[in-house]
Amino acid sequence: MSTTTARSIVKDIQVSGLRGRWWVTALFGVLLLVAVWMLLNLVIGGKCGADCVQGTLAQTLRVATPIAFAAFCGVLCERAGVVNIGIEGQMLMAAMAGYAVNLFAFQALKDSIGIEAAGNLSRWLAVLAGILSALILAALHAVVSIEFKTNQIISGTVINILSVGITGFLYRQFLAENLPPGPGTFPIAPIPVLSQIPVIGPILFQQKPLTYLMLILAFAIHYVLYYTPWGLRTRAVGEHPRAADTLGINVYRIRYINVLVGGLVAGLGGAWFTLEAVDVFNPLMTNGLGFIGLAAMIFGKWNPFGALLGALIFGLGNSITSTVSIFRPDIPSQLPQMLPYLLTIIVLTGVVGRATPPAADGEPYEK
Amino acid sequence: MTLALQASGITKRFPGVLANDQVDFDLAKGEIHALLGENGAGKSTLVNILYGLYQPDEGQVAINGQPTRVASPHDAIAQGIGMVHQHFMLVPPLTVVENIILGYESVTRGTKMFGQMSVLDRRTAAQHIRALSQQYGLEIDPDAYVRDLPVGAQQRVEIVKALYRQADILILDEPTAVLTPQEADDLFVIMRGLAQQGKSIIFITHKLREVFAVADRISVMRAGRMVGSAKPADATSESLAAMMVGRDVILQIDKAEAHPGQPVLRVENLSVMDDRHHVMVNGVSFEVCAGEILGVAGVQGNGQTELAEALTGLRRVADGKISILDHDVTHATPRQITEASVAHVPEDRQKHGLVLTFPVRDNLVLCSYYRTPYAHGVEIDYSRIEQTAADLIHTFDVRTPGMATAVGSLSGGNQQKVIVARELARPVKLVIASQPTRGLDVGSIEFIHQRIVQARDRGAAVLLISAELDEILSLSDRIAVMYKGRILDTLDAKSATRQICGMLMAGVVQY
């Protein structure tokens, strides 16, 4: 019995794309983390003790959140065969919509239901608004690239440019100055009991709600992709749509729904910027994280857990950057800030080995 | 006799083409009914209508005596029709189980209400698949990944996929095109078994040998019409071929005795790797002499493609030596090789033989457009090219609306004639022809075979690489059989039989 269980676990791991000796990878990862820590201490003169490590890792998870959301959106779209480079634009739109709704819903509600309740309600309304705004852009991408079979790269680029324009315009019109006080970002929501676990608790379980949601989504998407009929059909449609079609599967429907759900996920990623990270909206504030999310997706070989790992690596680069700038203000901040982007290039030039995208990725399906 | 399926008066028009013209077809229970015809005869259109991929403009379909309409493949599956497509409809990175249950998933009990979000039950599915594979003698491993399976096994997966959906009527579209003769015979045994257990089979092919081997009844289509039907006992190859083409066909190529001269192509210990750095040609040595045809037989994927690419300079040689007329061309460029009087008919005519969006005229001078008389310095002389093109279109009987027509819009046979015209009209000393008649109609095959034999009789050395054993046997003077990158044996065509070659193609050296 135990051998069959073991075999099924190994199979699971293989299905999820992490072939071979996973524990070697895990061990290697831990060693790498230690090496990074030692290197960091070398730079900042040994000032990174236990608290600093804990803080850096918690920050890693925080910063990885929008990247992971973007990567998950990419996984959902590309597994169904639709390339979506408009994630950046979808997130930017969601960031602005979230910020505006948070602010104005709070103003409308605070007198009737009290400041505390209005803040809680308006933040979640803001998340909803972020999701919906990203969904609208995703729907545009879906119609243009699935229905009208346009080049998907162009459609994605258009969404990015469109979204920069719209958010920039609305920002200057309504959000640049004379703003009433808002309810601010989500407070940290420690999870009872779990947050008390030493080391792991403060890193994993003293975070904000969207971060938890991101971690749950990794499991949810993995489950859907590999354990449900929907996931099987999605993967088939991304690899060989005609085969799926001959079996009576509606290729267009699968692609539509995946791109739209991807939009929802990208919306969550956008909401993170103005509802978890900072209480302001700036034009271009997504700052390329949507594209880094796509790099994380490729790093993760189009698997949700792989994508999460990729996002965490970029998050680590980012949080080390801020640690360095705290302890060594004499180092020009631009230098460490290059780190995540350098990582992107290194990752994409094949550190992960050749990553093979789904075979029908980016190809419109002609019946 | 109950009819499993009956189609009457089926008509289907495509823009400019009458693909099916009042076609009647029926299939008895437990019968293997072969549908014979050339490419473009309308066989595929007919079965695609039966499988719900197309809707007929006129005509009725009845299943088990009940009039019905097959609205979509989904509908066809629901009504018990399964189809094995010529190009397999399998998803390579998925497992056998996943491919078979795709679209017809079994889910864990108790989660059904979640619809497509319920939990897949791979284990029950695998058990069911094992049971089916035992019942019908279709050996497959449910847990294997499809990309790791040889084509024969993939085909079994396709058949099980149809059976898993409780198909009673199986449509097999050119199932033997990718198989060795032995694998084809195995398939026929499976088909017999299926028929005995009550399945009815429509078997599409253009190979005459096969209909005699397995069919209970043969129907022949030509130019969108059903032109005749016969029992195998009452038909001959000649009568069926005449029905297919509409005139008498010379099945046996008439060729004179070969008079081999000096060696033209000499290959010594040649090794070639594919793009993934697997050794595909492994220390191969042979010679082709002037005035002879050396046929290279073998199942596709045993190194023939890489061999042809290496010989024509399209692929780097890993080891060994190639010489043409005693000049070392091991590392020569494709143009140097072409200029050494070598003609190349590539395996994939659309990808490597033609520029599909270019006009016929330009495609006819792709080897020589840069030289006199077609070019003076940097300028191209189109009037000369047009003269040559008009000549070649006439001599090689290329059916095209005009020389300015994009070559991609011609039929497969005419595309191949363009290539053959370009390559063989030159004074060539060596012809390397890979799968020269793949997918062509009988008429074009006949024409191209004659041209190849003519080239030989004019003193060219011919290397003919083909997966069609019949083609190799009827054209070659000597036959080399390739298996896993090696030439297992070279036979004299006079003593070679289909059995011996078939055994060698399967890697069996003792015979």
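Predicted, not measured: the structure shown is a model, and the values here were computed from it. Counting restarts for each chain, with residues numbered from 1 along the sequence as it is written. Note on labels: chains are lettered from A, ligands numbered from 1, in written order. Only residues with pLDDT of 70 or above have their local features reported here, since the model is predicted, and side-chain atom pairs are shown and tallied only from 80 upward, although totals for entire chains, interfaces and linings are computed over all residues. Note that the side-chain values use all heavy atoms of the structure and ignore hydrogens as well as water.

Chemist: Now, about the overall build of chain B: what can you tell me, with residues and values included?
Modeler: Labels follow the DSSP assignment, with helices taken as runs of H or I lasting at least four residues and strands as runs of E lasting at least two, numbered in each case from the N terminus. For chain B, the count of helices and strands is 17 helices and 22 strands. The C-alpha extent of chain B, read off along each of the three principal axes, is 75 × 50 × 45 Å. Categorising residues by exposure relies on relative accessible area from a 1.4 Å probe, with only protein chains included: less than 20% of the type maximum marks a residue as buried, more than 50% marks it as exposed, and the intermediate range marks it as partly exposed. Across the 511 residues that make up chain B, the buried fraction comes to 55%. In chain B, the share of contacts with a sequence separation of at least 24, taken over all contacts with a separation of at least 6, comes to 67%. Areas reported as accessible are Shrake-Rupley estimates using a 1.4 Å probe. Residue values count occlusion only from the protein chains shown. Total accessible area on chain B stands at roughly 22200 Å², and carbon and sulfur atoms take up 50% of it. If you average the places of the 49 positive and of the 58 negative side-chain charges in chain B, the two averages end up 3 Å apart. The criterion used for residue contact is that any of the two residues' heavy atoms lie within 4.5 Å. Residues scored as charged are limited to Lys and Arg (positive) and Asp and Glu (negative), so that His and the chain ends carry no count. Charge positions come from single atoms, namely NZ of Lys, CZ of Arg, CG of Asp or CD of Glu.

Chemist: Any details on the overall build of chain A? Residues and values, ideally.
Modeler: Assigned secondary structure in chain A consists of 15 helices and zero strands. Our radius of gyration looks at C-alpha atoms and nothing else; its globule reference is 2.2 Å times the residue count to the power 0.38. For chain A, whose C-alpha radius of gyration is 21 Å, the value lies close to the compact-globule estimate of 21 Å for 367 residues. Judged by the C-alpha coordinates and their principal axes, chain A covers about 55 × 50 × 40 Å. The burial tally for chain A puts 49% of its 367 residues in the buried class. Element-wise, carbon and sulfur atoms account for 71% of the exposed surface of chain A, whose accessible area totals about 16800 Å².

Chemist: Which residues make up empty space enclosed by the protein, and what are the values?
Modeler: All names here are of chain B. Within this scheme a cavity is a closed region of a 1 Å grid, computed over the protein atoms alone, that accommodates a 1.4 Å probe without allowing it to escape, whereas a pocket is open but has protein on both sides within 12 Å along at least five of seven lines; lining residues each have an atom within 4 Å of a point. Grid points are joined across faces, edges and corners, and a volume is the space filled by probe spheres set on the points. Evaluation of the coordinates by the stated rule reveals two cavities of 30 Å³ or more. In this structure, the largest cavity encloses a volume near 90 Å³. Counting residues per element, the ones that place at least two in the lining of the largest cavity are β6 (81-84) and α5 (151-164). Residue polarity is assigned by list, with Asp, Glu, Lys and Arg as charged and Ala, Val, Leu, Ile, Met, Phe, Trp, Tyr, Cys and Pro as nonpolar; anything else, Gly included, falls into the polar class. When the residues that make up the lining of the largest cavity are grouped by side-chain class, the tally is eight nonpolar, three polar and three charged. Considered as a void within the structure, the second largest cavity measures approximately 60 Å³ in volume. Forming the walls of the second largest cavity are Ala 177, Val 178, Leu 179, Thr 180, Val 299, Gln 300, Ala 467 and Met 505. When the residues that make up the lining of the second largest cavity are grouped by side-chain class, the tally is six nonpolar, two polar and no charged. Domain delimitation follows an automatic or database domain assignment. Three or more residues apiece are contributed to the lining of the second largest cavity by two domains, here domain 1 (3-245) and domain 2 (263-505).

Chemist: Any details on the state of the cysteines? Residues and values, ideally.
Modeler: A pair of sulfur atoms, both from cysteines and within 2.5 Å, is called a disulfide here. Applying the stated criterion across every chain yields a total of one disulfide over all chains. You can see B:Cys501 has no disulfide; the closest cysteine sulfur is in B:Cys289, sitting 19 Å from it.

Chemist: Before we move on, could you go through the environment of B:Arg69 and cite the residues and values that matter?
Modeler: All names here are of chain B. Structurally, Arg 69 can be placed in the loop between β5 (66-68) and α2 (73-78). The exposure class of Arg 69 is exposed, given its relative accessible area of 55%. Through-space distance from the C-alpha of Arg 69 to that of Gly 52 is 8.4 Å; in sequence the pair is 17 residues apart. Those residues within four positions of Arg 69 in sequence are excluded, and the remaining contacts are Gln 55, Asp 75 and Gln 79. N or O atoms closer than or at 3.5 Å make up a polar contact, with two conditions inside protein: a donor-capable atom paired with an acceptor-capable one, and, for residues adjacent in sequence, both atoms drawn from side chains. Here the side chain of Arg 69 touches Gln 55 through a polar contact of 3.3 Å, side chain to side chain.

Chemist: Give a detailed account of the packing of aromatic side chains, specifying residues and quantitative values.
Modeler: Aromatic pairing here means that ring centres of Phe, Tyr or Trp (its six-membered ring) are within 6.5 Å. Orientation follows from the plane angle: under 30 degrees is stacked, over 60 is edge-to-face, and everything else is tilted. Evaluation of the coordinates by the stated rule reveals eleven aromatic pairs over all chains. For the pair A:Trp272 and A:Phe273, a centre-to-centre distance of 5.2 Å together with 85° between the ring planes defines the contact as edge-to-face. Neither A:Trp272 nor A:Phe273 differs from the other in exposure class; each is buried. Note that B:Arg335 overlies the ring of B:Tyr370, its terminal NZ or CZ placed 3.4 Å from the centroid. Two conditions define a charge located above a ring, namely a distance within 6 Å from the ring centre to NZ of Lys or CZ of Arg, and an angle within 35 degrees of the ring normal.

Chemist: Provide a residue-level description of the domain arrangement of chain B, including the pertinent values.
Modeler: All names here are of chain B. You can read the domains of chain B as domain 1 (3-245) and domain 2 (263-505). The gap between the C-alpha centroids of domain 1 and domain 2 is 34 Å. Contacts between domain 1 and domain 2 engage nine residues on the former and 13 residues on the latter. When the buried surface of domain 1 facing domain 2 is broken down by residue, Asn 39, Pro 181 and Gln 182 rank first, second and third, together holding 38% of it. The salt bridge definition used is simple: a Lys or Arg side-chain nitrogen within 4 Å of an Asp or Glu carboxyl oxygen. The interface formed by domain 1 and domain 2 includes one salt bridge. Linking Lys 207 and Glu 468 is a salt bridge whose minimum nitrogen-to-oxygen distance equals 3.7 Å. The tally of links between domain 1 and domain 2 comes to zero residue pairs in polar contact (both at pLDDT 80 or more). Those elements giving two or more residues to the side of domain 1 that touches domain 2 turn out to be α6 (181-196) and α8 (237-245). Note on terms: buried area is the combined drop in 1.4 Å-probe accessible area of two parts once they are placed together, counting the loss on both.

Chemist: Would you mind going over the interface of chain A and chain B in detail, with residue names and values included?
Modeler: With 24 residues of chain A at the interface, the matching set in chain B holds 31 residues. Carbon and sulfur atoms make up 62% of the area that chain A and chain B hide from each other, which totals about 2400 Å². When residues of chain A are sorted by the area they lose upon contact with chain B, A:Leu232, A:Thr246 and A:Leu247 head the list and together hold 28% of the total. The tally of links between chain A and chain B comes to two salt bridges. B:Glu105 is paired through a salt bridge with A:Arg233; the nearest N and O atoms lie 2.7 Å apart. When contributions to the side of chain A that touches chain B are tallied by element, the ones reaching two or more residues are α1 (2-15), α8 (209-227), α9 (229-239) and α10 (241-246) of chain A. Ranked by the residues each element gives to the side of chain A that touches chain B, the list is headed by α9(A), at seven residues.

Chemist: Kindly report on the pairing of β6(B), identifying the contributing residues and their values.
Modeler: Two faces, one strand: in a regular strand the side chains alternate between the faces of the sheet. All names here are of chain B. Along β6, one buried face is formed by Ile 81 and Met 83 and the opposite face, lined by Gly 82 and Val 84, is buried too. Should DSSP find at least two bridges between two strands, the strands are regarded as paired. Here four bridges tie β6 to strand β7 (residues 169-173), and the two strands are oriented parallel to one another. Looking across to β7, one finds that Gly 82 is bridged to Leu 170.

Chemist: Run through the sheet that holds strand β12 (residues 279-289) of chain B, naming residues and quoting values.
Modeler: All names here are of chain B. Strand order in the open sheet formed by four strands is β12-β11-β14-β15, with antiparallel pairing between adjacent strands. Each edge of the open sheet is held by one strand with a lone partner, namely β12 and β15 (327-328). Pairing of strand β11 (residues 263-273) with β12, which is carried by seven bridges, proceeds in the antiparallel orientation. Its bridge partner being in β12, Val 272 is matched across the sheet by Val 281. Fitting a line to C-alpha atoms yields each axis, with helices limited to the stretch in contact; the angle taken between N-to-C directions then spans 0 to 180 degrees. In the packing of helix α9 (residues 304-311) onto the sheet, contacts are made with β11, β12 and β14 (317-324), and the angle to β11 comes to roughly 120°.

Chemist: Break down the pattern of salt bridges for me, citing the residues and quoting the values.
Modeler: By the definition in use, this model includes 33 salt bridges over all chains. Each of B:Lys255, B:Arg456, B:Asp457 and B:Asp477 takes part in a single network of salt bridges with overlapping partners.

Chemist: Describe the environment of B:Ala78, with residues and values.
Modeler: Residue and element names in this part refer to chain B. Structurally, Ala 78 is set in helix α2. With relative accessibility at 65%, the residue Ala 78 sits in the exposed group. Separated by 264 residues in sequence, Ala 78 and Val 342 place their C-alpha atoms 55 Å apart.

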